Amino acid sequence: MTQILILTSLINTLLFLKNRKKLIYIFIFFLPYLGFIQLKVSSYTILAPLIHDLLFIIPLTLSFLIYGKFHKISNSFKVSLIIFISILIVQLINPWGPSFVAKLVGLKVWLFYFLLIPIGMEFLETKNDLKKLCNFYSICTILPLMIGIFQFSFSYKLGSSVEVMTSFYGDFDLAKSATQTFTKFGYGNINLYRVPSTFSFVGQYNNFIIISFIPIITSIILGKTSKEKNFYKIVFLLAILAALTSGTRGNFFYLGIFFVFFFISYKKMVLRDSILVLLILAIFYYTFYLFFPLIKDITDLGSNYIFSYFFKDIFSIISNNLFGNGLGSATNAARYVGQFSEDVKLIHEGYYIKSIFELGLLGLIAVLILFLTINSTILKSKKNSEYLQESVFIMLVHSFFILIIFFNLKGTSLFDNYPSNLLFLFFLGITFKLGTQEYLQNSIKSK
């Protein structure tokens, strides 16, 4: 199996060396199913966790490096990226921490996919490129979303996900791994089950659902006919249902954050109106909190995470890891290349705590600077292209980025976990391109 994966990677590189766009579409088509394939081949090859890299990302990257064109990006983003990379190099070569191989894995997780930004910038040439991409992506979400919904429906009917998921994977141990030991949460008469659809585990599935709102909503806005718009509205409702039945309790918050920020941005609300909208929503939410046990329990859980989990011992964590412990020391993927030393452990799920633990205080500052420049560059693109219909894509990417900032406090990060890590950076490249003079001039000529 290892030989097959390497051979397929080589074939994809040679076949699509001069046609990256076609490979990007093929990747989007297969993206929802690579997790399922990974689980199925995991007992046959140690390269199973790298299946998406071998089959698609490496061929795309090599193709771009050989034949691609780097487009101009903002100086502030370049400077922040250089600072960020410098910190990573220091933590790669420092003499302490995990093995050098584990550090290389950490470097790959931190940095490798950033090349998808220039790939995304090169991909976008016209409005039609964006519309075609979003339409294709939206259609490709339908089957995995329906599978996830059916997994939940049958699990709910049977009162357990064991039989459903074991039948789906054809293996009890694989099903147990993908569902976090068939986890379910009870809230009165409502049970939520961890369902991964076609992914390796529910976190991946949920990341896929949330970021899929970007192309789905864009397809609705860019639709040319009522029939076309209505079709993608159905896909949108399917994605909402999938998000609420995935077993990720935080979605009741995450979807709210995403859509509220998008609504404010899309309606171009001034600060006063934005505050008014937030106050009205807060009143509605508090009402739901009082009368619905599900909302109350999930809100209390979120509050506990913030005040008793994320901020617990935060100053102690900083002082004990002031200079960092090296790349890979808090990276899940490093478990595939050997054991951690006793003094290097996965202490927290949060992205910011991971930054402190691996990169130290300076590393956390570098990450925050990078995030600030990403935010400012998105806002600049939004301002430059605000008169274009496709600027809705920028608004959605910005709303997703705001969600990333909240999501990184606790849980599976949208920024460095598959598949949202790949897709976000690719979408970010498209966002940057939408605000460039090159694209704006092409838009004027095409009218």
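Structure: see above.
All figures in this text were calculated on a predicted structure; none of them were measured in a lab.

A. Quick peek at helix α17 (residues 351–384). Taking 1.5 Å of rise per residue, 34 residues should cover 50 Å, yet α17 covers just 31 Å from first to last C-alpha, more than 12% shy of that figure. The sharpest bend along α17 reaches about 130° and sits at L359.

B. Structural view of the packing of helix α12 (residues 226–244) against helix α13 (residues 251–266). Where α12 meets α13, the closest approach of the two axes is 9 Å, and the angle between their N-to-C directions is 145°. Judged by the sense of rotation from one axis to the other, the crossing of α12 with α13 is right-handed. On α13, the residues that touch F236, I240, A243 and L244 of α12 are N251, F252, L255 and F259.

C. Main features of the side chain of N421. By the secondary structure assignment, N421 is in helix α19 (residues 420–434). Within the structure, N421 has its side chain in polar contact with the backbone nitrogen of Y418 (distance 3.4 Å).

D. Just a nonpolar patch on the surface, in detail. Residues W96, L322, F323, L361, L362, I365 and I369 make up a contiguous nonpolar surface patch of roughly 660 Å² in combined accessible area. Looking at where L361 falls in the secondary structure, it is placed in helix α17.

E. Highlighting the side chain of S246. Along the chain, S246 falls in the loop between α12 and α13. Judged by relative accessible area, S246 falls into the buried class, the value being 0%. There is a polar contact of 3.3 Å between the side chain of S246 and the side chain of T248. Residues in contact with S246, not counting those within four places in the same chain, are Y193, R194, V195, V202, Y205, N206, I209 and N251.

F. Local environment of unusual backbone geometry. Omega for the bond connecting Y418 with P419 falls within 30 degrees of zero, at -5°, which places this linkage in the cis form. Along the chain, P419 turns up in the loop between α18 (391–407) and α19. With phi around 60°, T181 is a residue other than glycine that occupies positive phi space. Here T181 shows up in the loop between α10 (172–178) and β1 (184–187). The exposure class assigned to T181 is exposed, which follows from its relative accessible area of 51%. With phi around 55°, F182 is a residue other than glycine that occupies positive phi space. Tracing the backbone through its elements, the reader meets F182 in the loop between α10 and β1. Judged by relative accessible area, F182 falls into the buried class, the value being 14%.

G. Local environment of the packing of aromatic side chains. Counted according to the given criterion, the structure contains 38 aromatic pairs. Taking 5.7 Å as the distance between ring centres and 35° as the angle between the ring planes, the aromatic pair formed by F152 and Y156 counts as tilted. With F152 and Y156 both in helix α8 (residues 127–158) and four residues apart, this pair spans about one turn of that helix. For F152, a relative accessible area of 13% puts it in the buried group. For Y156, a relative accessible area of 39% corresponds to the partly exposed category. Grouped by ring-pair contacts, the aromatic residues Y25, F123, F136, Y137, F199, Y205, F208, F393, F426 and F427 constitute a single cluster. Directly above the ring of F123 sits K21, whose terminal nitrogen or CZ lies 5.3 Å from the centroid. Just above the ring of W110 sits the side chain of K354; from NZ or CZ to the centre is 4.7 Å.

H. Up close: the pattern of salt bridges. Within this structure, the stated rule accounts for five salt bridges. With a closest N to O distance of 3.9 Å, E125 and K21 form a salt bridge. Within this pair, whereas E125 is found in the loop between α7 (116–123) and α8, its partner K21 is found in helix α2 (residues 20–30), the two being separated by 104 residues in sequence. Relative accessible area serves as the criterion here: at 44%, E125 is assigned to the partly exposed category. Using a relative accessible area of 27% as the deciding quantity, one classes K21 as partly exposed. Across the pair D129 and K21 runs a salt bridge, and its minimum N-O distance is 3.4 Å.

I. Examining the nonpolar core more closely. Judged by nonpolar contacts, the single largest core of 107 residues is most densely connected at F424, F427 and I430. Look past the residues within four positions of F424 in its chain and what remains in contact with it is I211, V397, F400, F401, I404 and F415. One finds V164, L174, A175 and A178 within the second-largest nonpolar core, a separate group that totals eight residues.

J. Just helix α4 (residues 51–67), in detail. The end-to-end C-alpha separation of α4 is 24 Å, in line with the 24 Å expected for 17 residues at 1.5 Å each. Of all the bends in α4, the largest measures some 40° and sits at I57, one to four residues before the proline P59. Burial analysis of α4 places 12 of its 17 residues in the buried class, which makes it a mostly covered element. Of the positions making up α4, those classed as buried are I51, H52, D53, L54, L55, F56, I57, P59, L60, T61, S63 and F64. Residues of α4 that are buried make contact with α1 (2–15), α2, α3 (34–41), α6 (100–111), α7 and α19.

K. Structural detail: the environment of F16. Residue placement: F16 occurs in the loop between α1 and α2. As a C-alpha pair, F16 and L60 span 44 residues in sequence and 8.0 Å in three-dimensional space. With near-sequence residues (within four places) excluded, F16 lies in contact with K22, L23, I26 and S63.

Criteria and thresholds
Residues numbered from 1 in each chain as written. Predicted model: local features only at pLDDT ≥ 70, side-chain atom pairs only at ≥ 80, totals over all residues. Heavy atoms only, no water. Helix = DSSP H or I, 4+ residues; strand = E, 2+ residues; numbered from the N terminus. Expected span 1.5 Å × (residues − 1). Bend = angle between axes of the 7 residues up to and from the residue. Axes fitted to C-alpha atoms, helices over the stretch in contact; angles between N-to-C directions. Left-handed = near helix turned anticlockwise from the far one by under 90°. Contact = heavy atoms within 4.5 Å. Polar contact = N/O pair within 3.5 Å; in protein donor to acceptor, adjacent residues only side chain to side chain. Patch = residues over 30% accessible without salt bridge, like charges linked within 9 Å, V, L, I, M, F, W, Y side chains within 5 Å. Areas by Shrake-Rupley, 256 points an atom, 1.4 Å probe, with all protein chains shown as cover. Salt bridge = Lys/Arg side-chain N within 4 Å of Asp/Glu carboxyl O. Buried < 20%, exposed > 50% of the residue type's maximum accessible area, 1.4 Å probe, protein only. Phe/Tyr/Trp six-rings, centres within 6.5 Å; stacked < 30°, edge-to-face > 60°. Lys NZ or Arg CZ within 6 Å of the ring centre and 35° of its normal. Core = buried A, V, L, I, M, F, W, Y, C linked by side-chain atoms within 4.5 Å.

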